[in-house]
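Examination of the molecular architecture
Each chain, letter by letter, is given below.
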Amino acid sequence: MRRLRACLGAAAAVGLAAAGTTALVAGSASGATSALSNRWYAAAPYLMPLDNDPPDPATIMDATGLKAFQLAFVLAPNGGGCSPTWGGTAAVSSDTAVQSVVNTIRAKGGDVSVSIGGYGGTKLGQVCSDAAATAAAYQQVITKYGLHAIDFDLEEPEYENTAAIKNEIGAAKILQQNNPGLYVSVTTAGTADGTGWFGKQMLLEAKSQGFTPNNFSIMPFDGGFNGAASQTSALTNFNQILQSTFGWDQATAYAHEGFSGMNGRSDTGEFFTQTDFQTVLDYATSHNMDRFTFWSLNRDRQCTPADNGGRTSGTCSSVAQNSWDFAKYSVKFAGVTPPSSTPTPTPTPTPPSTGCKPAWSSTAVYTVGNEVSYNNHNWKAKWWTQNETPVASDWGVWQDEGAC
């Protein structure tokens, strides 16, 4: 997944300066700042700070109100060893370029999370001796940048390596324990069924280690997807996987579920427009999901007209847009106040219906306004759904229209 993440170029620092990022002198090693609410870390879009023509985060913040950024990616050194680098080439220990980006964001009241892994490259879980050594390498990153959030992006080829995934999940658990309040997300590949065999094995590893992050997020793109309906279907299926794996009820599973999309044209030629993002955002907020993010801010701008639709780029979306259109959906997600765990019901009386609608089917797809009958009641869909049994709930997909 995310093939356009690319390795960091040798001239990364030059590219950063060319992007106009404010260069601030890093003071202390950590540059720590007060944490934002978890909702902001859950909404942070991915940004490559050293590659793919990095945009100025201050410009994005001013234009959209965005406060949080997901910086990508920390990997093992290309030459070998168990120490953190940016993209396999730039040692975290001696970094000043990414630190200046962090300082720019924090100076404007924002903050960052750091993503480790991604598609391609050598991951620390593959080369470090065990979970403790892997965690020690990542702790250097947390300490260096004073992090309040971290993302484990576990995908090809690492998630096909059982020992590597054991190290990564074990490291995530150690970091969670040693850094109280650390927001931890785990991101993996999405399929029409939710996630594939390797993704399910990763969930089982987390269960066996007794590790629960803030969320498990899937990336429903690059797998034969076609617009928002296919993505929300995958999220529904992934919710069922979380329920069956961890023994959670539906609401608890959604509270630990996340979405990580790709704006515009995907690596495999799928298209996800602003309308698709709004549909998935509505699904995520109505189901009280924990995370809504996308790959990437480097791509959140229009290509030259000749390129629109014809290629997938790491520096533009290949769809018609204004700059930072997709970032605005992250801002919307961050601004939604999650409901309390025990909402006060506000039932609306509905007169009894005189006849029953067509019977509900677990295999049918329903969209907003569709009506069905189930257990001698008529029900109306509030949004897209499949295989969600009609039941009365303030936060559920079905509205009870009364007996029939």
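Use the structure listed above.
Below is a summary of the structure that appears in this document. A quick note: this is a predicted structure, and the numbers were derived from the prediction, not measured. (Residues numbered from 1 in each chain as written. Predicted model: local features only at pLDDT ≥ 70, side-chain atom pairs only at ≥ 80, totals over all residues. Heavy atoms only, no water.)

A few words now on the packing of aromatic side chains. Taken as a whole and assessed by the stated rule, the structure comprises 21 aromatic pairs. Taking the centre distance of 5.9 Å and the plane angle of 25° together, the rings of phenylalanine 292 and phenylalanine 333 count as stacked. Placement of the pair is phenylalanine 292 in strand 12 (residues 291-295) and phenylalanine 333 in helix 12 (residues 327-335), with a sequence separation of 41 residues. Looking at phenylalanine 292, the relative accessible area reads 0%, which means it is buried. Joined through ring pairs, the aromatic side chains of Phe259, Phe277, Phe292, Phe294, Phe326, Tyr329 and Phe333 make up one cluster. (Phe/Tyr/Trp six-rings, centres within 6.5 Å; stacked < 30°, edge-to-face > 60°. Helix = DSSP H or I, 4+ residues; strand = E, 2+ residues; numbered from the N terminus. Buried < 20%, exposed > 50% of the residue type's maximum accessible area, 1.4 Å probe, protein only.)

Turning our attention to the state of the cysteines. Throughout the structure, instances matching the rule amount to three disulfides. A sulfur-sulfur distance of 1.9 Å marks the disulfide that ties cysteine 82 to cysteine 128. Torsion about the S-S bond of the cysteine 82 and cysteine 128 cystine: about 100°, corresponding to right-handed handedness. Note that cysteine 82 is positioned in the loop between strand 2 (68-75) and strand 3 (85-86) and cysteine 128 in the loop between helix 5 (124-127) and helix 6 (131-145), a separation of 46 residues in sequence. Among the residues examined, cysteine 82 registers a relative accessible area of 30% and is labelled partly exposed. Disulfide pairing is shown between cysteine 303 and cysteine 316; the S-S distance is 2.0 Å. Disulfide cysteine 303 to cysteine 316: torsion about the S-S bond roughly 95°, handedness right-handed. Placement of cysteine 303 in the loop between strand 12 and helix 12 and of cysteine 316 in the loop between strand 12 and helix 12 is noted, with a sequence separation of 13 residues between them. Taken as a pair, cysteine 303 and cysteine 316 share a single burial class, namely buried. (Disulfide = S-S within 2.5 Å.)

With that out of the way, let us pick up the side chain of threonine 187. In this fold, threonine 187 is placed in strand 7 (residues 183-189). Here threonine 187 falls in the buried class, since its relative accessible area comes to 0%. A distance of 3.5 Å separates a polar atom in the side chain of threonine 187 from a polar atom in the side chain of tyrosine 46. (Polar contact = N/O pair within 3.5 Å; in protein donor to acceptor, adjacent residues only side chain to side chain.)

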